[in-house]
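Structure assessment
Single-letter residue listing:
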Amino acid sequence: TGMFPQEFVIGFPQRVKISKVAIQCYLVRTLRIERSVSKDPVGFEQCVEKDLQHTEGQLQMEEFPLPDCQATYLRFIIKSAFDHFVSVHRVMAEGT
């Protein structure tokens, strides 16, 4: 839409333990990751918020260590950007 914040939610079939999240995106300035352990995607709490570096013409590749993070849902909030439009190309979560 070109307006911020923008968000998306990823759900898991059951509660999982996440050790790291990696994201490939473009033109994202500030990103917040939140988690929920509820059966439904409610009651989110912040895990991490970070200002990403501007990479002109290249994808931003960021890793977020999340030690001992349990989640049923992860919410990604793009709070601001380097341009009017952003893109998210891949999200990877590691854990058990």
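Residues numbered from 1 in each chain as written. Predicted model: local features only at pLDDT ≥ 70, side-chain atom pairs only at ≥ 80, totals over all residues. Heavy atoms only, no water.

Looking at the side chain of Q60
Position of Q60 among the secondary structure elements: in strand β4 (residues 60-81). From its side chain, Q60 meets the backbone oxygen of V28 in a polar contact 2.7 Å long. Q60 has contacts with I23, Q24, C25, Y26, L27, V28, L52, Q53, T55 and F82, leaving out every residue within four places of it along the chain. (Helix = DSSP H or I, 4+ residues; strand = E, 2+ residues; numbered from the N terminus. Polar contact = N/O pair within 3.5 Å; in protein donor to acceptor, adjacent residues only side chain to side chain. Contact = heavy atoms within 4.5 Å.)

Describing the pattern of salt bridges
Charged atoms that come close allow side chains of opposite charge to pair. In total, this model carries 10 salt bridges according to the counting rule given. A salt bridge links K20 to E94; the nearest nitrogen and oxygen atoms lie 3.6 Å apart. Taken together, the positions of K20 in strand β1 (residues 6-26) and E94 in strand β5 (residues 87-95) put the pair 74 residues apart, joining distant regions of the chain. A residue is classified by how much of its surface remains accessible, and K20, at 23% relative accessible area, is partly exposed. Under the relative-accessibility criterion, E94 is labelled partly exposed at 44%. Here E49 and K79 are joined by a salt bridge, their closest N and O atoms 3.1 Å apart. Here K79 lies in strand β4 and E49 lies in strand β3 (residues 45-51), a separation of 30 residues in the sequence. The network of salt bridges with shared partners includes E7, R32, E34, E49, R75 and K79. (Salt bridge = Lys/Arg side-chain N within 4 Å of Asp/Glu carboxyl O. Buried < 20%, exposed > 50% of the residue type's maximum accessible area, 1.4 Å probe, protein only.)

Focus: the packing of aromatic side chains
Summed over all chains, the structure comprises 1 aromatic pair. Ring centres 4.9 Å apart and planes at 5° place the aromatic pair F8 and F76 in the stacked group. Here F76 lies in strand β4 and F8 lies in strand β1, a separation of 68 residues in the sequence. With relative accessibility at 0%, the residue F76 sits in the buried group. Directly above the ring of F64 sits K50, whose terminal nitrogen or CZ lies 5.7 Å from the centroid. (Phe/Tyr/Trp six-rings, centres within 6.5 Å; stacked < 30°, edge-to-face > 60°. Lys NZ or Arg CZ within 6 Å of the ring centre and 35° of its normal.)

Examining the sheet that holds β5
Within the open sheet, the 5 strands sit side by side as β3-β2-β4-β1-β5. Their pairing is antiparallel. Two strands close off the open sheet at either side, each with one partner strand: β3 and β5. For this sheet, the mean inter-axis angle between neighbouring strands, taken without regard to orientation, is 20°. Pairing geometry for strand β2 (residues 28-36) and β3, over 6 bridges, is antiparallel. Bridged to R35 within β3 is E45. (Pairing = 2+ DSSP bridges. Axes fitted to C-alpha atoms, helices over the stretch in contact; angles between N-to-C directions.)

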